[in-house]
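Below are the chains, spelled out letter by letter.
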Number of protein chains: 2
Amino acid sequence: MPVYKAPIEDFAFLFNHVLKIQDHKHLKGFDELTPDLLEAVLEGAGKLVEEEFFPLNRHGDEEGCRLEDNHVYVPSGFAEAYGKYCEGGWASLTADECDGGQALPHMIGGAVMEMLSSANFSLSLFPLLSHSAYMALKAHASEDIRNAYLPKMASGQWTGTMHLTEPHAGTDLALLRTKAKPLDDGSYAIEGTKIFITCGEHELAENIIHLVLARLPDAPEGVRGISLFVVPKFMVNEDGSLGDRNQVFCASLEKKMGIHGSPTCVMNLDGAKGFLVGAPHQGLKSMFTMMNAARLFVGIQGLSQAEVAYQNAHAYACDRLQGRGPRGAVDEHSAADPIIVHPDVRRMLLTQKSQIEGGRALALFALMQMDLAHAADNQEEREEADDLTAFLTPVVKAHLSDIGSEGANLAVQCFGGHGFVREWGVEQFVRDTRICQIYEGTNGVQAMDLVGRKMNLHDGRLPRRFFDKITQSLTKMEAGPAEEFVAPLHAGVTKLQDALAQLATMDLADRGAAAYPAMQAVGTLSIAWMWAEMAHASTNTNMAKIPTARFYFQQILPKLDYLCQIIGHGGQVIETHPIGHVA
Amino acid sequence: MPVYKAPIEDFAFLFNHVLKIQDHKHLKGFDELTPDLLEAVLEGAGKLVEEEFFPLNRHGDEEGCRLEDNHVYVPSGFAEAYGKYCEGGWASLTADECDGGQALPHMIGGAVMEMLSSANFSLSLFPLLSHSAYMALKAHASEDIRNAYLPKMASGQWTGTMHLTEPHAGTDLALLRTKAKPLDDGSYAIEGTKIFITCGEHELAENIIHLVLARLPDAPEGVRGISLFVVPKFMVNEDGSLGDRNQVFCASLEKKMGIHGSPTCVMNLDGAKGFLVGAPHQGLKSMFTMMNAARLFVGIQGLSQAEVAYQNAHAYACDRLQGRGPRGAVDEHSAADPIIVHPDVRRMLLTQKSQIEGGRALALFALMQMDLAHAADNQEEREEADDLTAFLTPVVKAHLSDIGSEGANLAVQCFGGHGFVREWGVEQFVRDTRICQIYEGTNGVQAMDLVGRKMNLHDGRLPRRFFDKITQSLTKMEAGPAEEFVAPLHAGVTKLQDALAQLATMDLADRGAAAYPAMQAVGTLSIAWMWAEMAHASTNTNMAKIPTARFYFQQILPKLDYLCQIIGHGGQVIETHPIGHVA
């Protein structure tokens, strides 16, 4: 049986000692977040996921979802667990107070989401998508729609979805064809087929609020002609009660590599009634408001699978007796030693641990910047925080989801043959986490977002903010307990700055070829920075962070040399290769 | 629907131009291998796998195996395809002539095995294990047993298995408990439970010949007390007809991440009748004779999944229209360009292609050395070939199976969301190939075999042979068509030699920590060497190898710097980390 224990001690350490949230307690959202409340939230979430979510995880994978007569049935037990999640007020954690929410910062939502997702990735997708839909409506919908939908979405009574992809239009949304025809009552009739719709249909909630991208009749071609609509599964009457079933149905469920407990739907909109959200033709922009938060959360999802996989690998490595340590028998009374004595097993476990804990710090740092971008005192601080969020979002999404797959696979490797069989439950983490590198924009798309867009915005202000922030850390750490990391981190900064300066002079073809290693390089250095910060912050706590920081600096950070080297090579060899079409 | 076309042109190029098998045509096994026969073998195998094996691959994954009343049923269609494989004489390709085989070199068997495995990994496991069992019996069994079993195993009429692992004894075979009690007739009664037995029970063949490791009553403890037994599913009468059902039964089938079409059995030996193979207590040695060949084949299996996954990713990338190239529209008449125009997609495809083709060259080179270790003219040449085989075996097993997983995952990534759903068939390659990093000794065990054993044998003679061989290549390539690769390959040799020299001074704990990066470093450099060789050999052919060689040297080989750097760090940080038990 797989194991999972919510890492609440690590979260508390990060919030209290690394991110130092108490320094911001005068800000909205941070103000109510006393150490006691933080502890209560983390412990409550931990208890919920350990007791209600995790026991259903393997079962959900085995049972899966099924479609019958337009109804989608999710694994048994999911509805009850989701009910407890809503009853406990977890759905409304970060929702606005005027919608009945608790208005806590998103970084707290991120910590809770990691735990939900580690415990049961499939089940956690229902609230995650709802949260994204809530945010998009909050930012762009009319007051009527906000009043009618948001309180029930905040409470979890209704869930939400995002309808973007069509069979021929995934990354390239310019190609999308779904049509919206204006009706006399000011609403629209939506016609089209959407695919890969996570939690598009189910019986967990009373209603499902679909956010749908479609084209108005007079829409210009391309991405400037896409509008956003809200399409409820059941129409909402003026008194808030549910009315007619809308013409939006699940046509089929995808069979997938993983996340079997989450229905991935092909959705037919057959003249479904919808309401415009935001201005006509501005739909993509509205959708992207929410996408940035969603992308940070996907990075956390990837991490969450590495975390639960690591916990199982570590437990197994302490338990499984096989062979002897490199210096002879560790336990002479036993016929063999636990495999954690083997250097290569330790190397695998520490690779997982160092990337997970460092990645967690980075994700929460990015989410905190997202919070500060709204809550900070003055425009200057808000702008800095917004820049850091924008710069780190593609890195957190892509690098942490890569770490998710790498970590889950290393966990399987620690189990040997027992990792490949389903009985121990670790192979599920590999299958489940794989999607994180793909959805919400593939990791290649994230890398292009970083080097094609974020690097150049405002004349390169975003990466400057990032390096400035590290430089501030370096100054702080000199002659402190993490001093040993100052020189290598500083060297890493110089190396990466040089590589990115080179990148900035390249044309789009070269930059495209160097994008992925550049994303990895920023991710690799960012996590080193977080390790230095954690090492520095750990000295007055009972967290033993320094040994793992040393591991990361010695074993993982040197990858930066390799990455910077290939960034410098650009793309000529790649572009001119006769592998297929070239410009 | 997934696609697969056997890469026979690449095999022919490797055999004829890189390995230059005609230079060895005076040797046994090579003598009959005329260019015409080689072409006929490659084309025949290609036709068999494309027409009979590949169409059953997805179906085998979906249907899987089931156990009912001691019978194991494999996916429908497998028996017919296996029948055609045997009828065509493919089972006996490398078997001895006295057993009715064709006595072709193992490198030819390796090429055929890659194709079988690309087309249908699960189905290919039946012959692979039979081949291993054949080799072990050939080398160690008594004449009676050889006469009674080998011709039918060579023809494929009977299949074979290897029974090593027990629930508590995987990597550490010293712990195994299965007992063999001598009977009056000179045979033994075998008692125990074995797990992870690939193709341990099925109805594809008339009989199954199990090779079982067990302990005699007077056996010393540990690995020096293990004997090898042959245990047939049906007893074999003196006239060759089948007799009683032996007491060896499948107790259950594992549910696995992949290779669903191959039954992975828990086997109960309940007083099963067995016959000693080789000397008492020497069983592990006998098993290892065969294990080296098996390990090379596992590397090829990993590669085979990357190959079929790559073919699908490449076809999809040429077909899927999404977005525009970095220099604007490539096809202005279409609403979007094929995704192969995107530099990051090309980077992924070339990463796959360069590692697959380079890995294939390396695997066939190693298999050719295995052939030459027996067939070469004189003792000196045989010793050299044997040294190279021994040195490269763990590298081919581990590095190529790592490449298998990396390649299959990159193929999924090229498909985006369509890679995660089962419909397109690429996620199966990820699930199937994952076992290659685990079985026949995990990749961590391979790395320890390389640095803990192979590096030090005969005072370091094996790595010296390896570097000498590369140096010979360098001399040959100077001022030739592959001259551009001479300097970087030479630099790589120096770097790796320095790192391995450092490794040689370390104690076992440090060496254990550095083993995996050392294995990767040897693998990375070996493939660069193969690319230089292929580039050199390609100039008078129609194979365009130079562009891919450039990609490998520019994008992949620089990883060597990183790997050598962490080899140098040894294991102190890893050993002293408070993650768990230490010595």
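Residues numbered from 1 in each chain as written. Chains lettered and ligands numbered in written order. Predicted model: local features only at pLDDT ≥ 70, side-chain atom pairs only at ≥ 80, totals over all residues. Heavy atoms only, no water.

A short note on the overall build of chain A
Regarding its fold elements, chain A presents 19 helices and 11 strands. A compact globule built from 583 residues would reach a C-alpha radius of gyration of about 25 Å, and chain A, at 24 Å, matches this within 12%. Overall, chain A is about 80 × 60 × 55 Å in size when its C-alpha atoms are taken along their principal axes. Evaluated residue by residue, chain A yields a buried proportion of 65% over its 583 residues. For chain A, the share of sequence-separated contacts (at least 6 apart) that also reach a separation of at least 24 residues comes to 73%. A total accessible area of about 20000 Å² is found for chain A, and carbon and sulfur atoms account for 50% of it. (Helix = DSSP H or I, 4+ residues; strand = E, 2+ residues; numbered from the N terminus. Rg over C-alpha atoms; globule rule 2.2 N^0.38 Å. Buried < 20%, exposed > 50% of the residue type's maximum accessible area, 1.4 Å probe, protein only. Contact = heavy atoms within 4.5 Å. Areas by Shrake-Rupley, 256 points an atom, 1.4 Å probe, with all protein chains shown as cover.)

Here's the deal with the side chain of A:T389
All names here are of chain A. Along the chain, T389 turns up in helix 10 (residues 379-415). For T389, a relative accessible area of 7% corresponds to the buried category. A polar contact of 3.2 Å, which involves the side chain of T389, links it to the backbone nitrogen of M370. Setting aside chain neighbours within four positions, we find T389 in contact with L296, A366, Q369 and M370. (Polar contact = N/O pair within 3.5 Å; in protein donor to acceptor, adjacent residues only side chain to side chain.)

Some details on the relation of the copies chain B and chain A
With an RMSD of 0.0 Å, chain B superimposes on chain A once it is rotated by 180° and translated 0.0 Å along the axis. Taken together, the rotation and translation relating the two chain copies correspond to the operation of a two-fold axis. Closest approach to the rotation axis within chain B is made by the C-alpha atom of B:Y562, at a distance of 3.1 Å. (Least-squares fit on C-alpha atoms with pLDDT ≥ 70 in both.)

Observations concerning the packing of aromatic side chains
One pass over the full model with this rule turns up 26 aromatic pairs over all chains. Where A:Y4 meets A:F54, the ring centres are 5.8 Å apart and the plane angle is 50°; that geometry is what we call tilted. On the criterion of sequence distance, the pair formed by A:Y4 in the segment before helix 1 (8-18) and A:F54 in the loop between helix 2 (35-53) and helix 3 (57-63) is long-range, its members being 50 residues apart. A:Y4 gets classed as buried once you look at its relative accessible area, which sits at 8%. When the centroid spacing of 4.2 Å and the interplanar angle of 25° are considered together, the rings of B:Y316 and B:F415 count as stacked. Of this pair, B:Y316 sits in helix 8 (residues 283-319) while B:F415 sits in helix 10 (residues 379-415), and the two are 99 residues apart along the sequence. Each member of the pair, B:Y316 as well as B:F415, is classed as buried. By the ring-pair criterion, three or more aromatic residues cluster together here, those being A:F365, A:F391, A:F466, A:F467 and A:W529. (Phe/Tyr/Trp six-rings, centres within 6.5 Å; stacked < 30°, edge-to-face > 60°.)

Things to note about the pairing of strand 5 (residues 188-198) of chain B
All names here are of chain B. Most of strand 5 sits inside the fold, with 8 of its 11 residues counted as buried. Relative to strand 5, strand 4 (residues 179-182) runs antiparallel, the two sharing 4 bridges. Bridging across to strand 5, K181 finds its partner in A189. Adjacent in sequence and paired antiparallel, strand 4 and strand 5 are bridged by 5 residues, among which G186 carries a positive phi angle near 90°. (Pairing = 2+ DSSP bridges.)

Structural notes on helix 10 of chain B
Side chains of residues three or four places apart in an α-helix project in the same direction, reflecting 3.6 residues per turn. Residue and element names in this part refer to chain B. In this model helix 10 runs 51 Å from its N-terminal to its C-terminal C-alpha over 37 residues, within 8% of the 54 Å that 1.5 Å per residue would give. Here helix 10 lies mainly inside the structure; 30 of its 37 residues are buried. G416 sits one or two residues past helix 10 and shows a positive phi near 60°. (Expected span 1.5 Å × (residues − 1).)

Things to note about helix 7 (residues 143-155) of chain A
All names here are of chain A. The terminal C-alpha atoms of helix 7, which comprises 13 residues, lie 18 Å apart, in line with the 18 Å expected from a rise of 1.5 Å per residue. I145, Y149, L150, M153 and A154 are the residues of helix 7 that are buried. On its buried face, helix 7 is in contact with helix 6 (121-140), strand 3 (158-163), strand 6 (207-214), strand 7 (227-232), strand 8 (234-236) and strand 11 (264-277). Phi turns positive, to about 90°, at G156, one or two residues after helix 7.

Regarding the pattern of salt bridges
Residue and element names in this part refer to chain A. Counted by the stated rule, this structure contains 70 salt bridges over all chains. Two residues, K194 and E166, come together in a salt bridge whose shortest N-O distance is 3.0 Å. Placement of the pair is K194 in strand 5 (residues 188-198) and E166 in the loop between strand 3 and strand 4 (179-182), with a sequence separation of 28 residues. A single burial state applies to K194 and to E166, both of which are buried. Through salt bridges with shared partners, one network takes in D10, E114, E307, K353, E357, R360 and K545. (Salt bridge = Lys/Arg side-chain N within 4 Å of Asp/Glu carboxyl O.)

So, the state of the cysteines
Such a bond, covalent and formed between the sulfur atoms of two cysteines, is termed a disulfide. A full pass over the atoms with the stated rule returns 0 disulfides over all chains. B:C564 provides the cysteine sulfur closest to A:C564, a residue in no disulfide bond, and the two sulfurs are 18 Å apart. Look at A:C564 and you get buried, because its relative accessible area is 9%. (Disulfide = S-S within 2.5 Å.)

A closer look at the interface of chain B and chain A
Reports of interface size often rely on the accessible area that becomes lost once the parts have come together. Facing the 91 residues of chain B at the interface are 91 residues of chain A. Here chain B and chain A share 4 salt bridges between them. Between chain B and chain A we count 40 residue pairs in polar contact (both at pLDDT 80 or more) in total. Partitioned by chemical class, the residues of the side of chain B that touches chain A number 43 nonpolar, 26 polar and 22 charged. (Nonpolar A, V, L, I, M, F, W, Y, C, P; charged D, E, K, R; others polar.)

Topic: the nonpolar core
One finds A:F15, A:L137, B:F15 and B:L137 to be the most contacted residues of the largest nonpolar core, which totals 384 residues. Filtering out sequence-adjacent residues up to four positions away, A:L137 remains in contact with A:I145, A:R146, A:Y149, A:L150, A:M153, A:I209, A:L211, A:V230 and A:V277. If you look at the next biggest cluster of nonpolar residues, it comprises 17 residues, including B:A180, B:V212, B:M267 and B:L269. (Core = buried A, V, L, I, M, F, W, Y, C linked by side-chain atoms within 4.5 Å.)

Considerations on the confidence of the model for chain A
In this model, chain A carries a mean pLDDT of 96, and residues with pLDDT of at least 70 account for 99%. Confidence estimates for the predicted assembly give a pTM of 0.98 and an ipTM of 0.98. (pLDDT = per-residue confidence, 0-100.)

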